Amino acid sequence: MLRTEIDGDGIATLILDQPERPVNTIGWALLEVLEAEVERLVADGAVSGIVVTSAKSSFLAGADLSIMTGLAAPQVTLIEAARRIGRIGGLFRRLETCGKPVVAAAPGTALGGGLEWMLACHHRIAADSPKALFGLPEVTLGILPGAGGTQRVLRRLGIAKAIPLLLEGRTMPAAEALEAGLLDAVVPPGDLIPAAKAALRNGRVNPVAPWDAKGFRLPGLAPTSSAAGDLFALWNARVLARTRGEEPAQQAILSCVFEGSRLAMDTAQKVERDYCARLIQSAQAQEKIAAFFTRGTAKASAAAVGTAEAG
């Protein structure tokens, strides 16, 4: 499910490729392998930089069903759910703070946890694939990005741009994701890995995230400004009017952005994790998650039948 290649310049290419699956998804088995491999690469003095990519046509499609439903199992307490969610966010944060430059090279779609992982890398490149989609659609499942997604979008884009992107949960093609500030470059598919390695070789990738640098300030509105206060009030009113309080994920996202804008990254990520745990254990979210995976299974079955009939 994972292999690593190290070239003569010390650049390690970490390749996701889960067997017998059309797309890569985050499960506990993959997470355990990733944790061990990241630590190995960080400890290896010969490794000068890391490229994270996929052998499939897509990058990473988010968490798998076992994680999404397991976090709401009767025996899993809220504290335990938060701890497990924090483990995923902890891996991404470890990569972000490992001291070596990390480039995400997506051959295709990166949604949910897949885009969260890309955002935790120091540089993000995507192949110019017509079918590729990027986004954080968790709100449509009644939850929120719980592995640092709300906080990295906030810190990259600022309050005014982060709020609608997170609340809408909209997916977008690579060119739009680049324009939105979620990606740093879009290149022809054949240039993806060479471009990622060139960025590392040419010293264009800072191994320190902007929000971990001394003196970092959010782009755009200052969190304590009257303009920011007015904006939060406006969005709160909009959300309440639109949902009548029946979609807690949207309110939780606003709270994550509001609180996170005033906190250091590690503390803010814990706040996000706790909101996510409460949401994912709700009956409403579990119903939406079950419906989502049922639709996905139905589509896969229909595609398999169509292929068999065509043959």
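Residues numbered from 1 in each chain as written. Predicted model: local features only at pLDDT ≥ 70, side-chain atom pairs only at ≥ 80, totals over all residues. Heavy atoms only, no water.

Enquirer: Run through the overall build of the protein, naming residues and quoting values.
Expert: Broken down by element type, the protein carries 12 helices and 8 strands. Here the C-alpha atoms of the protein give a radius of gyration of 19 Å, agreeing with the 19 Å that 2.2 N^0.38 yields for 311 residues. Considering only C-alpha atoms, the protein reaches an extent of 60 × 55 × 40 Å along its principal axes. Looking at the protein as a whole, 50% of its 311 residues are labelled buried. (Helix = DSSP H or I, 4+ residues; strand = E, 2+ residues; numbered from the N terminus. Rg over C-alpha atoms; globule rule 2.2 N^0.38 Å. Buried < 20%, exposed > 50% of the residue type's maximum accessible area, 1.4 Å probe, protein only.)

Enquirer: Describe the packing of aromatic side chains, with residues and values.
Expert: For the structure shown, the criterion picks out 4 aromatic pairs. Note on Phe92 and Trp117: the rings are 5.8 Å apart at their centroids and 10° apart in plane angle, and the pair reads as stacked. Of this pair, Phe92 sits in helix α3 (residues 78-96) while Trp117 sits in helix α4 (residues 113-120), and the two are 25 residues apart along the sequence. Here Phe92 falls in the buried class, since its relative accessible area comes to 1%. Each ring, one from Phe232 and one from Phe258, has its centre 5.1 Å from the other, and the planes form 85°; the classification is edge-to-face. Of the two residues, Phe232 is situated in helix α9 (residues 226-243) and Phe258 in helix α10 (residues 248-260); the sequence distance between them amounts to 26 residues. We classify Phe232 as buried; its relative accessible area is 4%. Directly above the ring of Trp235 sits Arg238, whose terminal nitrogen or CZ lies 4.7 Å from the centroid. When the ring centre of Phe258 is taken as origin, the NZ or CZ atom of Arg262, which lies over that ring, is 3.9 Å away. (Phe/Tyr/Trp six-rings, centres within 6.5 Å; stacked < 30°, edge-to-face > 60°. Lys NZ or Arg CZ within 6 Å of the ring centre and 35° of its normal.)

Enquirer: Explain the side chain of Glu138 residue by residue, including any values.
Expert: Locating Glu138 in the fold gives a position in the loop between β7 (134-135) and α5 (149-157). Other than its neighbours up to four places away in sequence, Glu138 contacts Gly112, Gly113, Glu116, Ile143, Leu144 and Pro145. (Contact = heavy atoms within 4.5 Å.)

Enquirer: I'd love a proper account of the sheet that holds strand β6 (residues 123-127), names of residues and values included.
Expert: Strand order in the open sheet made by the 6 strands is β1-β2-β3-β4-β6-β8, with mixed pairing throughout. Either end of the sheet is taken by a strand with one partner, and the two such strands are β1 (2-6) and β8 (185-187). Ignoring strand direction, the axes of neighbouring strands in this sheet form an average angle of 20°. Taken strand by strand, α4 contacts β2 (11-16), β3 (49-54), β4 (102-106) and β6, and its axis lies near 130° from that of β6. Here helix α8 (residues 192-201) sits on the sheet in contact with β2, β3, β4, β6 and β8, set at roughly 165° to β3. (Pairing = 2+ DSSP bridges. Axes fitted to C-alpha atoms, helices over the stretch in contact; angles between N-to-C directions.)

Enquirer: Would you mind going over the environment of Ile26 in detail, with residue names and values included?
Expert: Looking at the element boundaries, Ile26 is found in the loop between β2 and α1 (28-43). A C-alpha to C-alpha distance of 27 Å links Ile26 and Ala199, two positions 173 residues apart in sequence. Every residue in contact with Ile26, bar those within four places of it in the chain, is listed here: Leu60, Gly62, Ala63, Asp64, Ile67, Ile88, Phe92 and Gly113.

Enquirer: Give a detailed account of the packing of α3 against α4, specifying residues and quantitative values.
Expert: Each packed pair of helices is defined by two parameters, the angle between the axes and the distance between the axes. Where α3 contacts α4, the axes come no closer than 8 Å and their chain directions differ by 25°. With respect to each other, α3 and α4 are oriented roughly parallel. In this structure, the crossing between α3 and α4 has a hand that is right-handed. Residues Phe92, Leu95 and Glu96 of α3 lie in contact with α4, whose contacting residues are Gly113, Glu116, Trp117, Leu119 and Ala120. (Parallel < 35°, antiparallel > 145°, perpendicular 65-115°, else oblique. Left-handed = near helix turned anticlockwise from the far one by under 90°.)

Enquirer: I'd like a rundown of the state of the cysteines, residues and numbers included.
Expert: A complete count under the given rule lists 0 disulfides for this structure. No disulfide involves Cys98; its nearest neighbouring cysteine sulfur is the one of Cys121, lying 9.3 Å away. (Disulfide = S-S within 2.5 Å.)

Enquirer: Could you give me a rundown of the environment of Arg201, with the residues and numbers involved?
Expert: Along the chain, Arg201 turns up in helix α8. Once residues lying within four places of it in the same chain are set aside, the contact partners of Arg201 are Asp7, Asp9 and Ile11. In this structure the side chain of Arg201 is engaged in a polar contact, spanning 2.5 Å, whose partner is the side chain of Asp9. (Polar contact = N/O pair within 3.5 Å; in protein donor to acceptor, adjacent residues only side chain to side chain.)

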